[in-house]
Amino acid sequence: MIYVGIDVAKDKHDCIIKNSEGRTLYPSFSFPNNLTGFNLLFERIQSCSSDFDEIKIGLEATGHYSNNLVDFLTFKNLHIFIINPLHTCLYKKSLSFRKTKTDKADAQSIVSMLMTQTLTSYVPISYHEKELKSLTRYRFTLVKDNSKLKISFTRLMNIIFPELQGIVHELQVNSVYHLMNEYPDTASLANAHLTHLTNLLSKYSKGHYSRSKAIEIRDAARNSIGCSDCIQTLELRHTIARILLLTEQISMVEQRIKEIMKEIDSPFVNIPGISYITAAMLHAEIGDFSKFSNAGKILAFAGMEPSIYQSGQHTSTHAKMVKRGSKYLRYALYTAAKNVANWDNTFKAFMQKKLAEGKPYTVAVSHVAKKLTRVLYKLEIEHLTYKAT
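Remember, predicted model here, so these are calculated numbers, not experimental data.

**Structural notes on the overall build of the protein chain**
Step number 1: Secondary structure summary: the protein chain contains 15 helices and seven strands in total.
Step number 2: In terms of overall dimensions, the protein chain is more spread out than a globule: its C-alpha atoms have a radius of gyration of 28 Å, far above the 21 Å expected for 389 residues.
Step number 3: Viewed in the frame of its principal axes, the protein chain has a C-alpha envelope of about 85 × 55 × 45 Å.
Step number 4: Looking at the 389 residues of the protein chain, the share that counts as buried comes to 41%.
Step number 5: With an accessible surface of roughly 21,500 Å², the protein chain has 53% of that area assigned to carbon and sulfur atoms.
Step number 6: Each charge class in the protein chain was averaged separately, 49 positive and 35 negative side chains, and the resulting centres sit 6 Å apart.

This is how it looks when you write it as structure tokens:
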């Protein structure tokens, strides 16, 4: 058996190759993160053995830096093992108390793990799963950025025109964005032409706001305690522009996600409370359900299993969630659990049962998430359709 350990970095990778007897076939060498470097690595691996079933290649999960290398090696039909960096770190500590951190030492540790540990081989994900993961994570980032901008918008409105919040049913709506974009301070809004103001509100509120609302807003602006300078009005306009842009981008991403979800015909969308966006995140982050032997492994992958502490006669009764794993999957499961507990009678009763036992709301939701994960696992593995109660 040939073992190849690769320490991944941004510009170059370090590699060491050994055989099953522990003899070094290629001492530690570096190769650039480009096609020339990848070909050099493949030539050296191929020179050790032409039987690819006898070759194991290990590398750490280091985000996007390893993506191109993994795709290259997968295309060459080589067996890859992607290792959790935490696993590597704990393994190195178990071998020595010395605090040594070099790329060569990391590559050596990966080879040692390949030789001594039982690891799961990497299985390439399908195109749809890969695209869904990119889209859902991108949307997650866009929504997070948009939320921060909306908080800034509310802060600016409390300074510039604090009375508006009590007049409109909600600040974070399209009609208010366009209103404040055109009239970014109370002085300009107080002198606005009533017909133009009415038309603007009616257009962007889709007829919800009429002439009477325009008069109410203009009168409030004339008696407002709000104050602003040119810097605040500039910040307000820039904030609105970014919110509108991000909202449009989120809509485009969601449209593509919806198209993919229709193609894969997910059984999760039949569960009351799970939207196609949440279902997409679940599929994207979990991938092939068959790689998990049970639903508990999925919870562990999401970092939603409780930590365990026991020493002597003491056993902790207030174990916290470990939160090691995919934060995106953890978010999707928690969001799905909250919504399903509101819309599905079975899960609603289960949630009420946990709350009646005296569990805090977040703990009760985590129990619902565990139950939901078992249901999702069964639906996907056995190809069943969920029947709501």
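**Side note on helix α10 (residues 230-264)**
Step number 1: The first and last C-alpha atoms of α10 sit 51 Å apart over 35 residues, in line with the 51 Å expected at 1.5 Å per residue.
Step number 2: The N-cap of α10, judged by a side-chain oxygen 3.1 Å from the amide nitrogen of I231 a few residues on, is D229.
Step number 3: Directly beyond the C-terminal end of α10, a positive phi value near 55° is found at D265.

**A short note on the pairing of strand β1 (residues 2-7)**
Step number 1: Judged by how many residues are buried, β1 sits mostly within the fold: six of six residues are covered.
Step number 2: The alternating pattern of β1 places I2, V4 and I6 on one face and Y3, G5 and D7 on the opposite face, and all of these are buried.
Step number 3: Where β1 lies against strand β2 (residues 12-19), six bridges are found, and the strand directions are antiparallel. Bridge assignment links G5 to a residue of β2, and that residue is I16.
Step number 4: Between β1 and β2, which pair antiparallel one after the other, the connecting turn spans four residues.
Step number 5: Judged from the five bridges that link them, β1 and strand β4 (residues 55-60) form a sheet pairing that is parallel. Paired with I6 across the bridge in β4 is L59.

**A word on the packing of aromatic side chains**
Step number 1: The final tally for this structure, using the stated rule, is ten aromatic pairs.
Step number 2: Between F42 and F52, the ring centres sit 6.0 Å apart and the planes meet at 75°, which makes this aromatic pair edge-to-face. Highlighted residues: F42 in helix α1 (residues 35-48) and F52 in the loop between α1 and β4, separated in sequence by ten residues. Here F42 and F52 have matching classes, each one buried.
Step number 3: Seen from their ring centres, F153 and Y177 are 5.1 Å apart, and the 75° between their planes marks the pair as edge-to-face. One end of the pair, F153, is in helix α5 (residues 127-160); the other, Y177, is in helix α6 (residues 174-182), with 24 residues separating them in the sequence. The exposure classification of F153 matches that of Y177, with both residues buried.
Step number 4: By way of ring pairs, the aromatic residues F38, F42, F52 and F72 are connected into one cluster.
Step number 5: Here the guanidinium or amino end of K371 rests over the ring plane of F347, the centre of that ring lying 5.9 Å away.

**Notes on the side chain of D344**
Step number 1: Mapped onto the elements of the fold, D344 is located in the loop between α13 (327-343) and α14 (345-356).
Step number 2: Here D344 is buried and forms no salt bridge, its nearest opposite-charge partner K371 lying at an N-O distance of 8.2 Å.
Step number 3: Of note is the side chain of D344, whose polar atom sits 3.1 Å from the backbone nitrogen of T346.
Step number 4: Apart from the residues within four sequence positions on either side, D344 is in contact with P272, Y386, A388 and T389.

**Quick look at the pattern of salt bridges**
Working definition: two side chains of opposite charge can pair if their charged atoms are close together.
Step number 1: The tally for this structure, following the rule as stated, stands at eleven salt bridges.
Step number 2: Among the salt bridges present, the one from R256 reaches E131, with a minimum N-O distance of 2.9 Å. With R256 in helix α10 and E131 in helix α5, the pair connects residues that are 125 residues apart, well separated along the chain.
Step number 3: Where R139 meets E254, a salt bridge forms, and the shortest distance between an N and an O atom there is 2.8 Å. Linking R139 in helix α5 with E254 in helix α10, this pair joins segments that are 115 residues apart in sequence. E254 shares its class with R139; the two are buried.
Step number 4: Taken together, the salt bridges that share partners define one network made up of E131, R256 and E259.

**Quick notes on the nonpolar core**
Step number 1: Ranked by internal contacts, the top residues of the largest apolar core, which has 77 residues, are F153, F161, L164, L179, M180 and I217.
Step number 2: In terms of residues, this core owes the most to one element, α10, which gives nine residues.
Step number 3: By size, the runner-up hydrophobic cluster in this structure holds 22 residues, among which are V4, V8, F29 and F42.

**A look at the sheet that holds strand β3 (residues 24-32)**
Step number 1: Strands sit in the order β3-β2-β1-β4-β5 across an open sheet of five strands; the sheet is mixed. Two strands lie at the open edges of the sheet, namely β3 and β5 (79-83), each paired on one side alone. The average angle at which neighbouring strand axes cross in this sheet is 20°, direction not considered.
Step number 2: Bridge count for β4 against β5 is five bridges, and the pairing is parallel. Counterpart to K56 in the pairing with β5 is H79.
Step number 3: Each of β1, β2, β3 and β4 is contacted by α1, which is oriented at about 170° to β3, the strand it contacts most.
Step number 4: Its contacts with the sheet put helix α2 (residues 67-75) on β1, β2, β3, β4 and β5, and the angle it makes with β5 is roughly 155°.

Conventions we followed
Residue numbers restart at each chain and count upward from 1, following the sequence in its written direction. The predicted nature of this model means local features are confined to residues of pLDDT at least 70 and side-chain atom pairs, given and counted, to a pLDDT of 80 or more, with totals for whole chains, interfaces and linings taken over all residues. With hydrogens and water excluded, all non-hydrogen atoms of the structure serve as input to the side-chain values. Secondary structure is summarised from DSSP: a helix means a run of H or I of at least four residues, a strand means a run of E of at least two, and numbering begins at the N terminus for each. The size measure is the radius of gyration over C-alpha atoms, and the globule rule it meets is 2.2 Å times the number of residues to the 0.38 power. Residue exposure (1.4 Å probe, protein chains only): buried if accessible area is under 20% of the type maximum, exposed if over 50%, otherwise partly exposed. Exposure was quantified through the Shrake-Rupley algorithm and a 1.4 Å probe, taking into account, for residues, occlusion by the shown protein chains and nothing else. In this tally, Asp and Glu contribute negative charge and Lys and Arg positive charge; neither His nor the terminal groups of the chain are included. The atoms used to mark charge sites are NZ of Lys, CZ of Arg, CG of Asp and CD of Glu. Under the convention used throughout, the expected extent of a helix is 1.5 Å for every residue step, that is, one less than its residue count. In protein, a polar contact means a hydrogen-donor-capable atom and an acceptor-capable atom, both N or O and within 3.5 Å, with residues adjacent in sequence counting only if both atoms are side-chain atoms; elsewhere, any N or O pair within 3.5 Å suffices. Any two strands with at least two DSSP-identified bridges between them are counted as paired. Stacked, edge-to-face and tilted are the three classes for Phe, Tyr and Trp ring pairs, Trp counted by its six-membered ring, which pair at centre distances within 6.5 Å; planes under 30 degrees apart are stacked, over 60 edge-to-face, the rest tilted. Note on geometry: a ring has a charge over it if NZ (lysine) or CZ (arginine) is within 6 Å of the ring centre and within 35 degrees of the ring normal. For salt bridges, the criterion is a side-chain nitrogen of Lys or Arg within 4 Å of an Asp or Glu carboxyl oxygen. Whether two residues are in contact is decided by their heavy atoms: any pair within 4.5 Å suffices. The nonpolar core is taken to be a set of buried Ala, Val, Leu, Ile, Met, Phe, Trp, Tyr and Cys residues, with the residues joined through side-chain atoms within 4.5 Å. Every axis corresponds to a line fitted to the C-alpha atoms, with the helix fit spanning only the stretch in contact, and the corresponding angles, defined between N-to-C directions, vary from 0 to 180 degrees.

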